Amino acid sequence: FEFSRGHTLHTAGDPRGVFILPPVDTPRAEARGVVPWAPRNAARSLGLTQAEAIFAVSLRQSARGLMSALLLGLGRALGETIAVFLVVGRQDNNLPKHWLSPGPLLESGQTLTSKLGGSETNIAYGDPVHWAAMVGLGLLLLVIVSGTTIAGVWKKAGHDA
């Protein structure tokens with residue numbers, strides 16, 4: 001791999017990771033704190049190891065809170081347009097040679113939200129084909145966010161997916 005410095009998709013993931021930590025960590029801590037100590041101690045007294053007690057008792061009782069924390073973090077990560085746009089910049093028409101290799105993360109590129117957040121949406125207004133491509137990207141983002149929301153509501157309602 002040829003490592004480029006600075007404006008890579010991997011570098012854009014660093015501020016995104018920092019931005020999603022607080023909205024994920026706070027509900028996670030609250031979900032774990034809601035689980036009472038009595039079931040935890042009862043599981044330990046029955047001979048379960050600490051890891052088994054965590055998986056059998058703590059995670060089962062705090063699953064909804066943990067799932068909501070993950071969905072909140074995913075929503076925040078999808079919405080971080082400006083941070084990614086400022087770090088990555090604009091590298092259009094840069095399709096990777098090998099899709100399953102880590103190479104595309106180490107090169108310049110664009111994300112879906114940084115493409116929609118750029119000035120191209122205003123420029124594309126006059127060209128029907130370009131405008132249709134921007135609307136298609138917006139619809140794709142809407143499908144991703146809607147699928148995430150439906151998955152969260154499905155899990156909250158108690159259904160197993």
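Please read all numbers here as calculations on a predicted model, not as lab measurements. (Residues numbered from 1 in each chain as written. Predicted model: local features only at pLDDT ≥ 70, side-chain atom pairs only at ≥ 80, totals over all residues. Heavy atoms only, no water.)

So, the side chain of S62
Here's step 1: In this fold, S62 is placed in the loop between helix 3 (50–61) and helix 4 (63–79).
Here's step 2: At a separation of 2.6 Å, a polar atom in the side chain of S62 contacts the main-chain carbonyl oxygen of S58. (Helix = DSSP H or I, 4+ residues; strand = E, 2+ residues; numbered from the N terminus. Polar contact = N/O pair within 3.5 Å; in protein donor to acceptor, adjacent residues only side chain to side chain.)

Some thoughts on the packing of helix 2 (residues 37–45) against helix 3
Here's step 1: Contact pair helix 2 / helix 3: the axes reach a minimum separation of 9 Å and the direction vectors enclose 150 degrees. By the angle class used here, helix 2 and helix 3 are roughly antiparallel. Seen from above, helix 2 lies across helix 3 with right-handed handedness. The segment helix 2 lies against helix 3, with P39, R40, A43 and R44 engaging Q50, A53, V57, S58 and Q61. (Axes fitted to C-alpha atoms, helices over the stretch in contact; angles between N-to-C directions. Parallel < 35°, antiparallel > 145°, perpendicular 65-115°, else oblique. Left-handed = near helix turned anticlockwise from the far one by under 90°. Contact = heavy atoms within 4.5 Å.)

Regarding the packing of aromatic side chains
Here's step 1: The final tally for this structure, using the stated rule, is 0 aromatic pairs.
Here's step 2: A cation over an aromatic ring shows up here: R40 above the ring of W37, its NZ or CZ 4.3 Å from the ring centre. (Phe/Tyr/Trp six-rings, centres within 6.5 Å; stacked < 30°, edge-to-face > 60°. Lys NZ or Arg CZ within 6 Å of the ring centre and 35° of its normal.)

Some details on the environment of S114
Here's step 1: As for its placement among the helices and strands, S114 is situated in helix 6 (residues 112–117).
Here's step 2: On the accessibility criterion, S114 (0% relative accessible area) is buried.
Here's step 3: Once the C-alpha coordinates of S114 and F85 are considered, the two residues, 29 residues apart in sequence, prove to be 5.0 Å apart.
Here's step 4: The residues touching S114, leaving out its near neighbours within four places in the chain, are T81, V84 and F85. (Buried < 20%, exposed > 50% of the residue type's maximum accessible area, 1.4 Å probe, protein only.)

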